[in-house]
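Below, each chain spelled out in residue letters.
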Amino acid sequence: IDILPRDLSQNCLRIFARSEFHHSKFQQNVVDVLSKMGYSLKEEFCLESGYSVDILLQVDGKQIGIEVEGPSHYLGRSKVRSGPSRFKQRQMRALDK
């Protein structure tokens, strides 16, 4: 069931997928290590849903999405992920199969 008219839905997805990305030093370090190990990868790869993964890794013909999550993705100093991080993960699992 479509909730929005098709053209409006496509426009919303286009704007959502165009959002700016923040590259942390931690993420850059992960990219550098994976690159030095010889892996083929893409940074900030946009998925069909409009969400992006920090790194899309190619391993043995398979694509693996990697989210590099530093301290800002957790509540305080706990190991509990923040609401926005949990929401994004849940949405990606449901929409990008």
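Residues numbered from 1 in each chain as written. Predicted model: local features only at pLDDT ≥ 70, side-chain atom pairs only at ≥ 80, totals over all residues. Heavy atoms only, no water.

Engineer: Residue-level account of the overall build of the protein, with values.
Structural biologist: When helices and strands are tallied, the protein shows 3 helices and 3 strands. Counting helices and strands in the order they occur from the N terminus, the protein gives α-α-β-β-β-α. Principal-axis analysis of the C-alpha atoms gives the protein an extent of 45 × 35 × 25 Å. Residue burial in the protein is summarised as follows: out of 97 residues, 22% are buried. A sequence separation of at least 24 residues applies to 32% of the contacts in the protein between residues at least 6 apart. (Helix = DSSP H or I, 4+ residues; strand = E, 2+ residues; numbered from the N terminus. Buried < 20%, exposed > 50% of the residue type's maximum accessible area, 1.4 Å probe, protein only. Contact = heavy atoms within 4.5 Å.)

Engineer: Can you explain the side chain of Asp-54? Please cite residues and give values.
Structural biologist: Positionally, Asp-54 belongs in strand β2 (residues 52–59). Buried charged residue Asp-54 carries no salt bridge. Nearest counter-charge: Lys-88, at 5.1 Å. The residues contacting Asp-54, other than those within four sequence positions of it, are Gln-27, Lys-42, Glu-43, Glu-44, Ile-66, Glu-67 and Val-68. (Lys, Arg positive; Asp, Glu negative; His and termini not counted. Salt bridge = Lys/Arg side-chain N within 4 Å of Asp/Glu carboxyl O.)

Engineer: Residue-level account of the pairing of strand β1 (residues 40–46), with values.
Structural biologist: Moving residue by residue along a regular strand, the side chains alternate between the two faces of the sheet. Pairing geometry for β1 and β2, over 6 bridges, is antiparallel. The residue of β2 that forms the bridge with Lys-42 is Leu-56. The loop that links β1 with its antiparallel partner β2 comprises 5 residues; one of these, Gly-50, has a positive phi angle of about 100°. (Pairing = 2+ DSSP bridges.)

Engineer: I'd love a proper account of the pattern of salt bridges, names of residues and values included.
Structural biologist: For the structure on display, the rule yields 2 salt bridges. Measuring nitrogen to oxygen at the nearest pair gives 3.1 Å for the salt bridge that ties Lys-88 to Glu-67. Within this pair, whereas Lys-88 is found in helix α3 (residues 83–95), its partner Glu-67 is found in the loop between β3 (62–66) and α3, the two being separated by 21 residues in sequence. Glu-67 gets classed as partly exposed once you look at its relative accessible area, which sits at 24%. Notably, a salt bridge pairs Arg-81 with Glu-69, separated by 2.7 Å at the nearest N-O pair. One end of the pair, Arg-81, is in the loop between β3 and α3; the other, Glu-69, is in the loop between β3 and α3, with 12 residues separating them in the sequence. When its relative accessible area of 17% is taken as the criterion, Arg-81 is described as buried. The exposure class of Glu-69 is buried, given its relative accessible area of 17%.

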